[in-house]
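Coordinates in review
Residue-level listing of the chains:
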Amino acid sequence: MTKTYLTSVSTAKTKFPKKLLIWNYWDHEHIVGTHFENYKKVVILYEDETTCHSDRWVKLPYLPFYIKSTDICKLVNNNRMEVMHTTLFSIIKCKQIFVFEENSLNECSVTRYDYLEVPKLFKFLQPVFDKMMKKWFLDVWEEDMPMRERRFKVWKLGFQDFKGIDYINNPDSEKKHNENRMYDLSLPIPKVTQTKENGSKKTFKRLFKRSKHIGYGLSDL
Amino acid sequence: MKKIKIGTLNDLKKNNQFSRWVNDHDILIYKFNSSINGISNICPHFGGPIGYHEIKYKDNKPVFTCLWHNLQYSVETGKCITKKNLCLRKYKVEVVNEEIFVYIN
């Protein structure tokens, strides 16, 4: 059967450095935390500094059920990430290309290109696919935005992974506020919340389905 | 130590907890067993918000669950039960005329 592609392009700008955005995309552990309403389980089958092979149980926009997606995520270079999603017994294959562009102020934009392989007779679904993918991009983007903002904020306050902030941990320690601290990233990101571990395979499960959201905090007094 | 206003009892009414940044400290104020307590709202794992969710229960014990990666902390002690060597700083809290104050360095 002749195949064709449904396509979609989504883009967004941020005030964050590229490495922080890549940290967010490569923090596969947060999928069942931050995005717990849409993901219920992630199994990382293999991961190194440029590749992640995982199974994810996801609920996509407009679909009332979870689908299992096998994803291979590859950081091709510092500016480009490619993800291949395969689902429904390998019948559905969707490729996504993320392009990161950072300006001289260390503010990065992201453009995502989506390609879904379908039999040619399904070409008529192009507008639906485009709408669905743009909504997915926007929903995830908005859910991740406070995470990026907060991560950047604590980073500038001297945050260190698995330690926290020195002047908070130790009241006698002096505060060293560093607005210009360069964001640093080392992949893969260390994981601690797996419920099962078997060699390089790690399982992460969402802890609850629903929650009363208190939120990120009250505004300044 | 400085004594700084972080909110009012009215802020606590709705959910029995709230968090707010004061002087570069993100502090979670919560009511538990009739007392008002303050702990750091910054998860030492990757910096996520401990008080994003309401209090949950694990093995019948109240816990805060970090939104980002589900690390859980005892409401009673601030100790992490997911990764044992992590702990949240406690802040001294004082209530004066419906206003809540915290002591920070």
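This is a predicted model, so every value here is computed, not measured.

1. Focus: the interface of chain B and chain A
At the interface, 44 residues of chain B touch 48 residues of chain A. Where chain B abuts chain A, roughly 3800 Å² becomes buried across the two surfaces, and 60% of that area is made up of carbon and sulfur atoms. Where chain B meets chain A, there are 2 salt bridges. Contributions of two or more residues to the side of chain B that touches chain A are made by β1 (2–8), β2 (17–22) and β3 (25–32) of chain B. Take the side of chain B that touches chain A: its biggest share by element is 5 residues, from β2 of chain B.

2. Comments concerning the sheet that holds β1 of chain B
Residues and elements named next belong to chain B. A sheet is described by the order of its strands in space; here 6 strands give the open sequence β1-β9-β8-β4-β3-β2, paired in antiparallel fashion. At either end of the open sheet lies a strand with only one pairing partner, and these are β1 and β2. Neighbouring strand axes in the sheet, compared pairwise and without regard to direction, differ in orientation by 30 degrees on average.

3. Things to note about the packing of aromatic side chains
To describe a pair of aromatic rings, you give the distance between the ring centres and the angle between the ring planes. On inspection of all chains with the given rule, the structure shows 12 aromatic pairs over all chains. Pairing W23 of chain A with F46 of chain B gives two aromatic rings, centres 6.0 Å apart and planes at 85 degrees, and the pair type is edge-to-face. Of this pair, W23 of chain A sits in helix α1 (residues 18–26) while F46 of chain B sits in the loop between β4 (35–40) and β5 (56–58), on two different chains. Residue class for F46 of chain B comes out buried when judged on its relative accessible area of 1%. Here the aromatic rings of Y216 of chain A and Y52 of chain B are separated by 5.4 Å at their centres, their planes lie at 75 degrees, and the arrangement is edge-to-face.

4. Regarding the confidence of the model for chain A
With 100% of its residues at a pLDDT of 70 or more, chain A shows a mean pLDDT of 93. Per-element confidence in chain A ranges from a low mean pLDDT of 89 for strand β8 (residues 196–198) of chain A to a high of 97 for α1 of chain A.

5. A short note on the side chain of K56 of chain B
Residue placement: K56 of chain B occurs in strand β5. Look at K56 of chain B and you get buried, because its relative accessible area is 13%. Separated by 3.2 Å, the side chains of K56 of chain B and S211 of chain A make a polar contact. Within polar-contact distance, the side chain of K56 of chain B engages the side chain of E54 of chain B at 3.3 Å. Once residues within four sequence positions are removed from consideration, K56 of chain B is found in contact with F208, R210 and S211 of chain A together with K61, P62, V63 and T65 of chain B.

6. Thoughts on the sheet that holds strand β4 (residues 67–77) of chain A
Whenever strands of a sheet pair, they do so through backbone hydrogen bonds, lying parallel or antiparallel. Residue and element names in this part refer to chain A. Spatial ordering of the open sheet is given by β1-β7-β6-β5-β4-β3-β2-β9-β8, a layout of 9 strands whose pairing is antiparallel. Each edge of the sheet is formed by a strand with only one pairing partner; in this case those strands are β1 (3–13) and β8. This sheet shows a mean twist of 15 degrees between the axes of neighbouring strands, independent of strand direction. Here strand β5 (residues 80–87) runs beside strand β6 (residues 92–102); their pairing, made up of 8 bridges, is antiparallel.

7. As for the environment of R20 of chain B
Mapped onto the elements, R20 of chain B comes out in strand β2. Exposure remark for R20 of chain B: the relative accessible area of 6% places this residue in the buried category. R20 of chain B sits 68 residues away from L88 of chain B along the chain, and the two C-alpha atoms are 15 Å apart. Ignoring sequence-local partners within four residues, the contact set of R20 of chain B consists of L218, S219, D220 and L221 of chain A together with I6, G7, D11, H25, D26 and I27 of chain B. Polar contacts involving the side chain of R20 of chain B include one to the main-chain carbonyl oxygen of S219 of chain A, which spans 2.6 Å.

8. Some points on the environment of F204 of chain A
Residues and elements named next belong to chain A. Locating F204 in the fold gives a position in strand β9 (residues 201–205). Of the residues examined, F204 reaches a relative accessible area of 1% and is grouped as buried. For the pair F204 and Q160, spaced 44 residues apart in sequence, the C-alpha to C-alpha distance is 23 Å. If we skip the residues at most four places from it in the chain, F204 touches E29, V32, K40, K41, V42, I44, K191, T193, Q194 and T195.

Reading the values: rules and limits
- Residues numbered from 1 in each chain as written.
- Chains lettered and ligands numbered in written order.
- Predicted model: local features only at pLDDT ≥ 70, side-chain atom pairs only at ≥ 80, totals over all residues.
- Heavy atoms only, no water.
- Contact = heavy atoms within 4.5 Å.
- Buried area = accessible area lost by both parts, 1.4 Å probe.
- Salt bridge = Lys/Arg side-chain N within 4 Å of Asp/Glu carboxyl O.
- Helix = DSSP H or I, 4+ residues; strand = E, 2+ residues; numbered from the N terminus.
- Pairing = 2+ DSSP bridges.
- Axes fitted to C-alpha atoms, helices over the stretch in contact; angles between N-to-C directions.
- Phe/Tyr/Trp six-rings, centres within 6.5 Å; stacked < 30°, edge-to-face > 60°.
- Buried < 20%, exposed > 50% of the residue type's maximum accessible area, 1.4 Å probe, protein only.
- pLDDT = per-residue confidence, 0-100.
- Polar contact = N/O pair within 3.5 Å; in protein donor to acceptor, adjacent residues only side chain to side chain.

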